[in-house]
Amino acid sequence: SLFGIIFGLAGLMAFTIPVAVLSLERIQVWALKRESIPQKIKIFVKHMDDYRHRPTQFLRFIYVSIVFHLVIFLLWQLLICAFGESSSFFSLAMVVMVSTVLAALPISLNGIGILDGSFIFLISQYGVTYEAALMTVVLHRMLTMVGSMIGGGLYYLDRHTKGPTDPIREG
């Protein structure tokens with residue numbers, strides 16, 4: 001699993017860095033000329049080279065991203081340990097990454113079923129029992145739902161107390 005993570009990251013970097021450096025300008029010129037491309041995508045493409053102009057912010061973004069994913073992996077590790085099972089960190093990281101990528105495929109709503117099934121199948125290949133894997137996924141879904149409801153409630157209350165914003169008056 002560790003070698004899979006290392007080689008996967010190395011391959012990703014070996015592919016994306018030359019593409020980003022060599023052909024970014026061509027991609028931007030091509031995308032910004034096309035009328036068929038939605039405006040939101042054009043805004044994204046226009047700002048794709050911000051990492052060159054703001055390297056400090058880019059490095060902060062990378063740091064926060066790494067910390068975020070480490071916390072996610074540790075959460076899954078804690079959930080597995082809660083059911084008396086154990087798995088190496090790198091095995092679990094590989095399983096979570098693969099399951100998350102599979103769940104991102106537009107096959108089901110919010111990856112329900114895809115994330116769950118792939119996680120249970122893959123983590124059981126590393127020696128975690130089916131029951132513990134199933135309960136880990138169920139508990140993860142429940143925690144995610146509770147966190148989403150709390151965040152949604154706070155968003156609603158914040159938006160409700162301030163009222164709708166008028167972008168013309170703010171600008």
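Residues numbered from 1 in each chain as written. Predicted model: local features only at pLDDT ≥ 70, side-chain atom pairs only at ≥ 80, totals over all residues. Heavy atoms only, no water.

Remarks on the side chain of Ser-118
As for its position among the elements, Ser-118 is in helix α6 (residues 114-124). Overall, the relative accessible area of 11% leaves Ser-118 in the buried class. Engagement of the side chain of Ser-118 in a polar contact is seen with the backbone oxygen of Leu-115, the distance being 3.2 Å. Ignoring sequence-local partners within four residues, the contact set of Ser-118 consists of Ser-99 and Leu-102. (Helix = DSSP H or I, 4+ residues; strand = E, 2+ residues; numbered from the N terminus. Buried < 20%, exposed > 50% of the residue type's maximum accessible area, 1.4 Å probe, protein only. Polar contact = N/O pair within 3.5 Å; in protein donor to acceptor, adjacent residues only side chain to side chain. Contact = heavy atoms within 4.5 Å.)

Quick look at a nonpolar patch on the surface
Taken together, the side chains of Met-145, Val-146, Met-149, Ile-150, Leu-154, Tyr-156 and Leu-157 make up a nonpolar region of the molecular surface, amounting to roughly 770 Å² of accessible area. For Leu-154, the location among the structural elements is in helix α7 (residues 130-162). (Patch = residues over 30% accessible without salt bridge, like charges linked within 9 Å, V, L, I, M, F, W, Y side chains within 5 Å. Areas by Shrake-Rupley, 256 points an atom, 1.4 Å probe, with all protein chains shown as cover. Salt bridge = Lys/Arg side-chain N within 4 Å of Asp/Glu carboxyl O.)

Overview of the nonpolar core
One finds Trp-76, Ile-80, Leu-92, Val-96, Phe-119, Ile-123 and Val-128 to be the most contacted residues of the largest nonpolar core, which totals 16 residues. At the level of elements, α4 (55-82), α5 (89-103), α6 and α7 are the ones that each hand at least two residues to this core. Residue contributions to this core peak at five residues, all from α5. Beyond its immediate chain neighbours, meaning those up to four positions away, Phe-119 contacts Trp-76, Ile-80, Leu-92, Val-95, Val-96, Ser-99, Ser-124, Ala-133, Thr-136 and Val-137. (Core = buried A, V, L, I, M, F, W, Y, C linked by side-chain atoms within 4.5 Å.)

Brief notes about the packing of α4 against α5
Orientation of α4 relative to α5, taken along the N-to-C sense of each, is 110 degrees, at an axis distance of 10 Å. If you check the angle between α4 and α5, you find them roughly perpendicular. Here Leu-70, Ile-72, Phe-73, Leu-74, Trp-76, Gln-77 and Ile-80 of α4 lie close against α5, whose contacting residues are Phe-89, Leu-92, Ala-93, Val-96 and Met-97. (Axes fitted to C-alpha atoms, helices over the stretch in contact; angles between N-to-C directions. Parallel < 35°, antiparallel > 145°, perpendicular 65-115°, else oblique.)

Description of the packing of aromatic side chains
Considering all chains together, one arrives at three aromatic pairs under this definition. Ring centres of Trp-76 and Phe-119 lie 4.3 Å apart, and the angle between their planes is 35 degrees; this geometry places the pair in the tilted category. Here Trp-76 is found in helix α4, whereas its partner Phe-119 is found in helix α6, with 43 residues between them in sequence. A relative accessible area of 4% means that Trp-76 is categorised as buried. Measuring from ring centre to ring centre gives 5.7 Å for Phe-89 and Phe-90, while their planes differ by 80 degrees; the resulting arrangement is edge-to-face. Here Phe-89 falls in the partly exposed class, since its relative accessible area comes to 25%. Of the aromatic side chains, those joined through ring pairs into one cluster are Phe-73, Phe-89 and Phe-90. (Phe/Tyr/Trp six-rings, centres within 6.5 Å; stacked < 30°, edge-to-face > 60°.)

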